[in-house]
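Observations on the three-dimensional arrangement
Next come the chains, spelled out residue by residue.
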Amino acid sequence: IVRCALVGAIGMLGVFIRFTSAVYIAPWALFAVLKARKVSVVAGAFGATAGVVAATATATACVVIDTAYFTKLKLSDNALWVPSNWVITPWNSLAYNSKTENLSEHGLHPRWLHAAVNGPMMFGPLWIVLMFRLLRGRISSGGKSPVLLYVLWVTVLLPLVALSLAPHQEPRFLAPMLVPVCVLSALYVEDEDADDAKQKKPKRLLFTLWIVFNAVL
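Read on for a plain summary of the structure.

The rules behind these values
Residues numbered from 1 in each chain as written. Predicted model: local features only at pLDDT ≥ 70, side-chain atom pairs only at ≥ 80, totals over all residues. Heavy atoms only, no water. Helix = DSSP H or I, 4+ residues; strand = E, 2+ residues; numbered from the N terminus. Expected span 1.5 Å × (residues − 1). Axes fitted to C-alpha atoms, helices over the stretch in contact; angles between N-to-C directions. Parallel < 35°, antiparallel > 145°, perpendicular 65-115°, else oblique. Left-handed = near helix turned anticlockwise from the far one by under 90°. Contact = heavy atoms within 4.5 Å. Nonpolar A, V, L, I, M, F, W, Y, C, P; charged D, E, K, R; others polar. 1 Å grid on protein atoms, 1.4 Å probe; cavity = no way out; pocket = protein on both sides within 12 Å on 5 of 7 lines; lining within 4 Å. Points joined across faces, edges and corners; volume = space filled by probe spheres on them. Buried < 20%, exposed > 50% of the residue type's maximum accessible area, 1.4 Å probe, protein only. Arc of directions from axis to C-beta. Salt bridge = Lys/Arg side-chain N within 4 Å of Asp/Glu carboxyl O.

Quick word on helix α3 (residues 41-71)
If you check α3, its first and last C-alpha atoms are 44 Å apart, about what 31 residues at 1.5 Å a residue would give, namely 45 Å. One or two steps after α3, the chain reaches Lys 72, where phi turns positive at roughly 65°.

Quick notes on the packing of helix α2 (residues 21-39) against helix α8 (residues 146-164)
Closest axis-to-axis distance for the α2/α8 pair is 8 Å, and the angle between their directions is 155°. Relative to α8, α2 is oriented roughly antiparallel. Crossing angle aside, the handedness with which α2 passes α8 is right-handed. The segment α2 lies against α8, with Val 23, Tyr 24, Pro 27, Trp 28 and Phe 31 engaging Val 147, Leu 148, Val 151, Leu 152, Val 154, Thr 155, Leu 158, Pro 159, Ala 162 and Leu 163. Looking at the contact of α2 with α8 residue by residue, the classes come out as 14 nonpolar, one polar and no charged.

Digging into the layout of surface pockets
When its volume is computed, the largest pocket comes out at roughly 390 Å³. Around the largest pocket, the lining comprises 19 residues; the ones closest to its centre are Arg 18, Phe 19, Thr 20, Asn 97 and Ala 166. Secondary structure elements with two or more residues in the lining of the largest pocket: α2, α4 (89-97) and α8. For the lining of the largest pocket, the element with the highest residue contribution is α4, accounting for four residues. By residue class, the composition of the lining of the largest pocket is ten nonpolar, six polar and three charged.

Focus: helix α6 (residues 113-123)
Taken together, the buried positions of α6 are Leu 113, His 114, Asn 118, Gly 119 and Phe 123. Relative to the axis of α6, the buried residues are bounded by an arc of 135° and lie together on one face. One or two residues past the end of α6 sits Gly 124, with phi positive at roughly 55°.

Quick notes on the side chain of Thr 58
By the element assignment, Thr 58 lies in helix α3. Each residue touching Thr 58, except ones within four places of it in the same chain, is listed here: Ala 9, Met 12 and Leu 13.

As for the pattern of salt bridges
A complete count under the given rule lists one salt bridge for this structure. For the salt bridge of Glu 170 with Arg 172, the shortest nitrogen-to-oxygen distance reads 2.6 Å. Residue Glu 170 is classed as partly exposed on the basis of its relative accessible area of 22%. For Arg 172, a relative accessible area of 51% gives the class exposed.

Some points on the environment of Leu 126
Relative to the assigned elements, Leu 126 resides in helix α7 (residues 125-135). A sequence separation of 118 residues divides Leu 126 from Gly 8, and the C-alpha atoms of the two residues are 29 Å apart. Ignoring any residue separated from it by four or fewer positions in sequence, one finds Leu 126 in contact with Val 181, Cys 182, Ser 185, Leu 206 and Trp 210.

Side note on the side chain of Asn 118
The residue Asn 118 is located in helix α6 in this model. Beyond its immediate chain neighbours, meaning those up to four positions away, Asn 118 contacts Leu 113, Gln 169, Glu 170, Pro 171 and Leu 174.

Now the structure itself:
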């Protein structure tokens with residue numbers, strides 16, 4: 001339950017920092033509820049409720065702070081508590097980014113840019129490893145929790161698909177994928193080593209390429 005509440009609060013704070021954080025936090029919110037659900041149905045229900053309450057409380061606090069900051073109103077001012085005066089940052093950002101004419105000022109890109117260019121640019125050999133496994137349909141990993149593995153994959157694929165729908169695409173938008181991409185790549189290289197215990201070439205090669213890639217950039 002505490003985990004669900006933390007995910008709800010931190011996730012909502014992330015959404016107010018950048019609204020696209022929602023597609024990154026959603027898989028982990030579901031994962032937290034499923035973990036609570038494994039204890040009991042009641043625990044799962046309480047976990048989901050705790051997450052929603054924490055997210056709502058965090059959103060309320062963020063709206064009040066943003067409204068006070070941008071409108072110069074004080075907490076004691078009645079106008080601050082009038083819904084029509086509220087500054088809802090994620091909504092404003094979404095509204096702005098949903099208009100092509102606004103995005104054209106920052107540059108318009110093809111929908112495949114994230115997958116074909118920005119992903120390799122951000123993660124180099126790790127991205128290639130993941131896309132190779134995905135195209136071959138080999139997303140499972142021996143001995144690893146399938147639920148956690150799928151959550152890691154969804155944390156990569158859901159944002160990739162969602163962000164690719166927008167006509168403006170920058171490499172930095174994929175930065176939150178760093179942890180799941182690294183973990184998945186490590187798991188799959190470990191599997192390759194397990195298939196041939198006498199050869200550590202896959203792990204050494206990927207490690208070397210990763211170091212060189214980051215050193216060059």
